[in-house]
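Coordinate inspection notes
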Amino acid sequence: MVSVGIKAILIEVLGLNPGKITIDKETRLLGSLPEFDSMAVVSVLTAIEDHFGIAVDDDEIDGALFETVGSLCQFVESKLG
Amino acid sequence: MDAHVDQPAASAPAELSADFVTVQGRRLFCVRRRALVAPITMRVLVVPPFAEELNKCRRLLALCTQTLAAAGAEVWWPDLSGTGDSAGEFADACWSHWLDELCHFDLALALAAPAAAPAYLAVRSGALLLAAASSRLRDFERAQVLLWQPVLEGGRYLQQFLRLRVMASRLRGMDESLPSLMTRLVQGELLEVGGYGLRAQLTDGLAAAQASAAVLGMARAVTVLEFKNSAGASPSMPLVQFGAACQTLGCAALVRLVECEQFWATQEISAPAVVIDASLTALLGP
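Parameters and conventions
- Residues numbered from 1 in each chain as written.
- Chains lettered and ligands numbered in written order.
- Predicted model: local features only at pLDDT ≥ 70, side-chain atom pairs only at ≥ 80, totals over all residues.
- Heavy atoms only, no water.
- Helix = DSSP H or I, 4+ residues; strand = E, 2+ residues; numbered from the N terminus.
- Expected span 1.5 Å × (residues − 1).
- Buried < 20%, exposed > 50% of the residue type's maximum accessible area, 1.4 Å probe, protein only.
- Contact = heavy atoms within 4.5 Å.
- Patch = residues over 30% accessible without salt bridge, like charges linked within 9 Å, V, L, I, M, F, W, Y side chains within 5 Å.
- Areas by Shrake-Rupley, 256 points an atom, 1.4 Å probe, with all protein chains shown as cover.
- Salt bridge = Lys/Arg side-chain N within 4 Å of Asp/Glu carboxyl O.
- Buried area = accessible area lost by both parts, 1.4 Å probe.
- Polar contact = N/O pair within 3.5 Å; in protein donor to acceptor, adjacent residues only side chain to side chain.
- Nonpolar A, V, L, I, M, F, W, Y, C, P; charged D, E, K, R; others polar.

We now examine helix α2 (residues 38-52) of chain A. Look at α2(A): 21 Å from first C-alpha to last across 15 residues, which is about the 21 Å you get at 1.5 Å a residue. For α2(A), the buried fraction is high: 11 of the 15 residues fall into the buried class. Within α2(A), burial applies to A:Ala40, A:Val41, A:Val42, A:Val44, A:Leu45, A:Thr46, A:Ala47, A:Ile48, A:Glu49, A:His51 and A:Phe52. Where the residues of α2(A) are buried, they touch α1 (2-14) and α3 (69-80) of chain A together with α4 (154-171), β9 (221-228) and α8 (237-248) of chain B.

With that settled, the discussion passes to a nonpolar patch on the surface. On the surface, A:Met39, B:Leu164 and B:Leu171 cluster together into a nonpolar patch covering about 250 Å² of accessible area. Relative to the helices and strands, A:Met39 resides in helix α2.

In this complex, chain A contributes 18 residues to the contact, which on the side of chain B involves 21 residues. Summed over both partners, the interface of chain A with chain B buries about 1800 Å², with 52% contributed by carbon and sulfur atoms. The tally of links from chain A across to chain B stands at 1 salt bridge. Joining chain A to chain B, the criterion identifies 10 residue pairs in polar contact (both at pLDDT 80 or more). At the level of secondary structure, the elements contributing two or more residues to the side of chain A that touches chain B comprise α1 and α2 of chain A. In terms of residue count, the dominant contributor to the side of chain A that touches chain B is α2(A) (10 residues). Residue composition of the side of chain A that touches chain B, grouped by class: 10 nonpolar, 4 polar and 4 charged.

With that out of the way, let us pick up the pattern of salt bridges. Here the structure, examined in full by the defined rule, presents 16 salt bridges over all chains. Residue B:Arg163 pairs with A:Glu49 through a salt bridge whose shortest N-O separation is 3.1 Å. One end of the pair, B:Arg163, is in helix α4; the other, A:Glu49, is in helix α2, on a second chain. Each member of the pair, B:Arg163 as well as A:Glu49, carries the same accessibility label: buried.

Structural data, given as structure tokens:
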């Protein structure tokens with residue numbers, strides 16, 4: 001499932017403690033999660049591309065993409081077709 | 001002896017040597033570890049990762065090559081031109097030179113240990129180099145290939161690397177895009193990304209490279225080790241597909257998920273012992 005993969009990526013890349021933070025589709029990311037800075041965006045994108053085998057174009061990257069876990073999942077699902 | 005060479009303990013049953021050789025006029029540094037027990041069962045050529053990932057992996061590679069040598073192998077680990085202790089600047093590195101250098105060390109290692117079973121340990125984008133050079137490598141079809149979290153598509157990898165610069169630029173209020181950076185490379189410009197200078201003579205080859213199953217699956221056996229720090233994580237789809245495609249070619253392929261941090265990208269240098277254990281098992285058996 002995409003959401004399971006996204007959650008694992010966020011935990012790994014951002015170094016989150018799943019025992020202390022609940023990560024679900026409503027979890028807000030950019031601007032809300034302190035660990036989610038601009039460089040984290042790069043790392044998360046790389047991990048998503050490598051894990052799902054998709055390519056994210058420059059013009060697909062904007063703030064809305066990283067608003068919530070759900071928005072990120074929706075994007076990946078659309079790329080997977 | 002360079003500081004990056006991990007000295008084994010005094011009682012380790014392997015010989016360590018390190019020196020410079022000249023390949024096409026370029027002085028290249030190579031660390032060699034050779035088991036002291038006869039016969040040498042396996043010869044392993046390390047195919048290194050790219051840029052900062054190499055620096056992050058050095059300690060782990062030193063420990064791993066030491067362990068492999070202690071288990072009966074001869075292991076060569078070259079610094080390609082413009083990297084590590086080899087001559088030249090990274091900004092002057094050239095993809096075709098790297099392929100020539102890899103082939104040089106491959107042949108030299110084969111001559112040094114002709115009866116040993118051939119093997120390659122390719123780390124991250126080292127898989128791209130290995131694939132690009134494979135048709136020129138001695139005994140590749142008899143070889144065991146071990147891939148640490150292989151990069152399968154050079155073009156995507158280059159874009160991910162350039163993305164570091166795009167994000168850094170945006171943080172400074174500048175507006176650079178991936179297409180504009182690619183254009184500047186094509187036009188012959190030197191681009192600095194994360195402290196590394198890139199020119200088209202390197203990035204053209206990198207962008208075109210693919211670690212395809214059709215190529216790497218020509219080896220006798222391929223083991224992919226994927227590393228994730230989450231218990232119960234699932235393997236990456238591209239790597240699973242890669243392994244399956246290798247198997248259809250008759251290659252003994254295995255994709256294994258190892259639970260540990262992604263050592264090539266951690267802030268602090270990390271050398272998880274599980275990587276060494278898994279590598280030893282993959283190449284020399286349990």
